[in-house]
Amino acid sequence: MSLKARLLPLRRRFSALMAASGIALFAGVAATPAHAIETDTLIPAAPQLAASSWILMDANSGRILVEHNADKRLPPASLTKMMTAYLVESEMDDGKLSPDEKVRISVNAWKTGGSRMFIREGTSVTVDDLLHGVIIQSGNDASVALAERIGGSEGSFADLMNQHAKRLGMKNTHYMNATGLPHAEHYSTAHDLAILARRIIKDYPDHYEIYSQKYFTWNGIKQPNRNKLLWRDKDVDGLKTGHTEEAGYCLVASARKEDTRLISVVMGTKSEEARAQESQKLLTYGFRYFESKKLYDKGAVLNQARVWGGEKDQVRLGMAQDVFLTVPSGQADKLTARLDLKDTIKAPVQAGEQYGTLQIKLDDKVLAEESLVALEPVEQGGLFKRLWDALMLFFHGLFN
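Definitions and limits used
Just so you know, the residues in each chain are numbered from 1, in the order the chain's sequence is written. Per-residue local features of the predicted model are confined to residues with pLDDT of at least 70, and side-chain atom pairs are confined, for both listing and counting, to 80 or more; whole-chain, interface and lining totals are unaffected and use all residues. To get the side-chain values, take all heavy atoms of the structure and skip hydrogens and water. Note that patches include only residues with greater than 30% relative accessible area and no salt bridge, and the join distances are 9 Å for like charges and 5 Å for nonpolar side chains (Val, Leu, Ile, Met, Phe, Trp, Tyr). Every accessible area reported is derived by Shrake-Rupley at a probe size of 1.4 Å, with residue values counting cover from the shown protein chains alone. Just to be clear on terms, a salt bridge is a Lys or Arg side-chain nitrogen sitting within 4 Å of an Asp or Glu carboxyl oxygen. Helical segments are the DSSP runs of H or I of at least four residues, strand segments are the runs of E of at least two, and each set is numbered from the N terminus. Working definition: with a 1.4 Å probe on protein chains only, accessible area under 20% of the residue-type maximum means buried, over 50% means exposed, and in between means partly exposed. Strand pairing is defined by DSSP finding a minimum of two bridges between the two strands. Each aromatic pair joins two rings of Phe, Tyr and Trp (for Trp, the six-membered one) with centres within 6.5 Å, and gets the label stacked for planes under 30 degrees apart, edge-to-face for over 60, and tilted for any other angle. Both a distance and an angle decide whether a charge sits over a ring: NZ of Lys or CZ of Arg must be within 6 Å of the ring centre and within 35 degrees of the ring normal. In these notes, a set of buried Ala, Val, Leu, Ile, Met, Phe, Trp, Tyr and Cys residues joined through side-chain atoms within 4.5 Å is what counts as a nonpolar core. Pairs of residues are marked as contacts when any of their non-hydrogen atoms sit within 4.5 Å.

**Describing a nonpolar patch on the surface**
So, step 1. On the surface, a cluster of nonpolar side chains totalling about 920 Å² of accessible area is made up of Phe-384, Trp-388, Leu-391, Met-392, Phe-394, Phe-395, Leu-398 and Phe-399.
So, step 2. The topology assignment puts Leu-391 in helix H11 (residues 383–399).
So, step 3. A relative accessible area of 41% means that Leu-391 is categorised as partly exposed.

**Structural notes on the pairing of strand E6 (residues 221–224)**
So, step 1. In terms of strand pairing, strand E5 (residues 215–218) meets E6 through 4 bridges, oriented antiparallel. Bridging from a neighbouring strand, Phe-216 pairs with Gln-223 of E6.
So, step 2. Counted along the chain from E5 to the antiparallel partner E6, the turn is 2 residues long, and its residue Asn-219 has a positive phi close to 60°.

**Some words on the packing of aromatic side chains**
Note on aromatic pairs: each is described by the distance of the centres and the angle between the planes.
So, step 1. Throughout the structure, instances matching the rule amount to 5 aromatic pairs.
So, step 2. Ring geometry for Tyr-215 versus Trp-231: centroids 5.7 Å apart, planes at 85°, classification edge-to-face. With Tyr-215 in strand E5 and Trp-231 in helix H9 (residues 229–232), this pair connects stretches of sequence that are 16 residues apart.
So, step 3. On the accessibility criterion, Tyr-215 (42% relative accessible area) is partly exposed.
So, step 4. Judged by its relative accessible area of 39%, Trp-231 is partly exposed.
So, step 5. Linked through ring pairs, Tyr-285, Tyr-289 and Phe-290 together constitute an aromatic cluster.
So, step 6. Lying over the aromatic face of Tyr-215, Lys-222 brings its terminal NZ or CZ to 4.3 Å of the ring centre.

**Quick word on the nonpolar core**
So, step 1. Within the largest apolar cluster, 61 residues are counted, with the highest numbers of intra-cluster contacts made by Met-83, Leu-130, Leu-196, Val-252 and Val-265.
So, step 2. Put simply, the parts of the chain that give this core at least two residues each are strand E1 (53–58), helix H2 (81–93), helix H4 (127–135), helix H5 (140–151), helix H6 (154–168), helix H7 (190–203), strand E8 (248–257) and strand E9 (260–269).
So, step 3. Tallying contributions element by element places H7 first for this core, with 8 residues.
So, step 4. Setting aside its immediate chain neighbours within four residues, Leu-130 contacts Val-103, Ile-105, Met-117, Ile-119, Val-125, Ala-142, Ala-145 and Leu-146.

**A look at the side chain of Arg-275**
So, step 1. Examined against the element boundaries, Arg-275 turns out to sit in helix H10 (residues 272–289).
So, step 2. Arg-275 has contacts with Arg-226, Thr-241, Gly-242, His-243, Tyr-249, Cys-250, Leu-251 and Thr-269, leaving out every residue within four places of it along the chain.

Written as structure tokens, this is what we have:
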């Protein structure tokens, strides 16, 4: 039987699986603007905003739906505190920092100007309370206190921030402090901040709930979250505001409807009201014309392939990560998939190694490709097994 003939039933079984599930795949590659997706669906031009820079991203797939000057380096103001909070969450997740640990407040932290949590010099405040002060009250004093606890000094903490930014792929970001107070070498972009917001949501979901809290009280002072969309849109649950004279009014927002979560970043508007209105325009547009579909879980088995010379004759193939796809609203049932397997798989097989490709199309346009990987290792078989399979493979190749 030819290889093509052997693959045909595999493709038929895969097609049946796709038809039954009504879903498809999205490649975990660089995000592509929605206007690059050429389909028969009519989608109007994205709204133009009264802002210096903006972006709209699907939080699940990472696909960029709308952008303008998204990679332009701008002062991020208190949007900086998203990275400050991310590092604190990372330290807690690694077990290096406890939410209940008390941090001694230094004179330096207490004297920091700008927006404040109103912590007092010489007192001790828990990490959890300080994190709330950073996220909800945008406390510069709380940010410096946490920076000193983790880095020893704010300068050393800023170095850690830059290392994390590089690791996350934030190519146009550089931090000089933990607060976002103006500095000539302190900058970021709408694109980078969307990347960071996505990682905050995905990496530390247990802490993300803080971003949706409307008020936080400390030292007898009750302060509201400055993200006005938390009051206006029930689907909005984060993330962070920022403002300086240099940066203007900025907002990173996220909202979720059913399976679709969007992240908007708006930088350089003229007022608190403007940043809320312009962000709402992006989110409304995104939810109206696009939807996000989760297609497969990490480790989902899509097929089994023949292994030559192995202790087992079959290896399970599937996804190395959760797979999402962003499509125009109402178009998910029109997706088609093509499965291509490697001609010959020989033992040993390493888990995670690619042995095929899944290609997803909409209206004959390729939307995505995803690697099909081995979900398990297959060791080499014994000497007789290897010799027998080598002989069988020789005749297989001879007749095909």
